[in-house]
Amino acid sequence: MTASHPTAAPGPGAAPVKAGRKAEGRRAGGRTRRRRRAPRAWFGALPLLVFAGLCFGLPAGALLYGAVTRTDPVAGTTEFTGEHLQRSLQGPYLTSLTGSVELSALTAAIATVFGVLIAQAVVTSRRGALRGAVLTASGVLANFGGIPLAFAFVATLGISGVVTQLGHLDALGWNLYSFTGLTVIYLYFLIPLMVIVVVPALDGLRPQWREAARNNGATAWQFWRYVGLPVLAPSLLGGFVLLFGSAFAAHATAAALVGGSVPLVTLKIADALSGNVLVGQENVALALSLDMIVIAGLVMAVYLPLQRRSSRWLH
């Protein structure tokens, strides 16, 4: 008589093993589905990528190609050269580049100080109507520029302007068509822009921080010295960089107001492209534009990390 062997019962670790295998299967299946969905997610951004490539990529590529190449008008051959980039950093071209940097840095610094003071007054005010009026006016003035802005200042502070005649500013040596005049005009739209930028940062200062500093015996100056300004520093520096970039790229207002009397890189590019000074300087103008792109890239390289750092504290 053959003895029947009983079937071995599953051990206590069998159920956890099967559950673990099922969980691994689910995770593997989830990763597979995510990998399958990942390429589909790019289709939503494809129109934006195509638009950016056509509107920014192609012009930037053409600008770079023209800045580093030279075409022989007789033979029709094209060769790579660094002559245009070298000339863009010499003589009057370098003077215009440094003039734009100086004007942009000065106006950005002044606008940062006055913009922060105005924004702080608006944030601490208990009148909602005042806040709404200031922010609305700032949004309008920050986008008011170009030839209309130049005409408004000519009619107001020009040689025969209303304010110039009433205040006899010409006797005091006031000249709108100068570096100082451009500084005043740029502040007209840079200060409102700084107000718009810094108001959210000031709103992010939590009242608990001020109360805690007051409870520990800190004065208002000590609060701003050790708490407020360190927290706001990335936002303030980011706002300064943004104002610098806006002033650095401005062209129409300066072109309509001062022409070529004040050396600015945007005006020099326009003169080189139109041949007002020398004929055949189009490639030098492209090299100047490439210099501007490099400076703007450095500006954005500073601005973006500052914005990310400020968002950690204020949001």
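All of these numbers come straight from a predicted model, not from anything done at the bench.

What counts, and where the lines are drawn
Residues numbered from 1 in each chain as written. Predicted model: local features only at pLDDT ≥ 70, side-chain atom pairs only at ≥ 80, totals over all residues. Heavy atoms only, no water. Phe/Tyr/Trp six-rings, centres within 6.5 Å; stacked < 30°, edge-to-face > 60°. Helix = DSSP H or I, 4+ residues; strand = E, 2+ residues; numbered from the N terminus. Buried < 20%, exposed > 50% of the residue type's maximum accessible area, 1.4 Å probe, protein only. Core = buried A, V, L, I, M, F, W, Y, C linked by side-chain atoms within 4.5 Å. Contact = heavy atoms within 4.5 Å.

### Overview of the packing of aromatic side chains
Scanning the model with the defined rule gives six aromatic pairs in all. With a centroid separation of 6.3 Å and an interplanar angle of 65°, the aromatic rings of Phe-144 and Tyr-188 are classed as edge-to-face. Remark: Tyr-188 occurs in helix α7 (residues 179-203) and Phe-144 occurs in the loop between α4 (128-141) and α5 (147-157); sequence separation between them is 44 residues. Under the relative-accessibility criterion, Tyr-188 is labelled partly exposed at 32%. With a centroid separation of 5.8 Å and 10° between ring planes, the pair formed by Phe-244 and Phe-248 is classed as stacked. Here the residue Phe-244 and the residue Phe-248 both occupy positions in helix α9 (residues 220-249), the gap between them amounting to four residues, near one helical turn. Residue classification places Phe-244 among the buried positions, given a relative accessible area of 11%. By relative accessible area, which is 4% here, Phe-248 ends up buried.

### Structural notes on the nonpolar core
Grouped together as the largest cluster of nonpolar side chains are 58 residues, with contacts concentrated most on Leu-182, Tyr-186 and Leu-264. Where this core is concerned, the elements lending two or more residues are α3 (91-124), α5, α7, α9, α10 (252-257), α11 (265-274) and α12 (282-314). Take this core: its biggest share by element is 14 residues, from α7. Leave out the neighbours within four places in its chain, and Tyr-186 touches Leu-103, Thr-107, Ala-247, Ala-250, Ala-254 and Leu-264.

Geometric descriptors of this kind do not, in isolation, establish any biological role.
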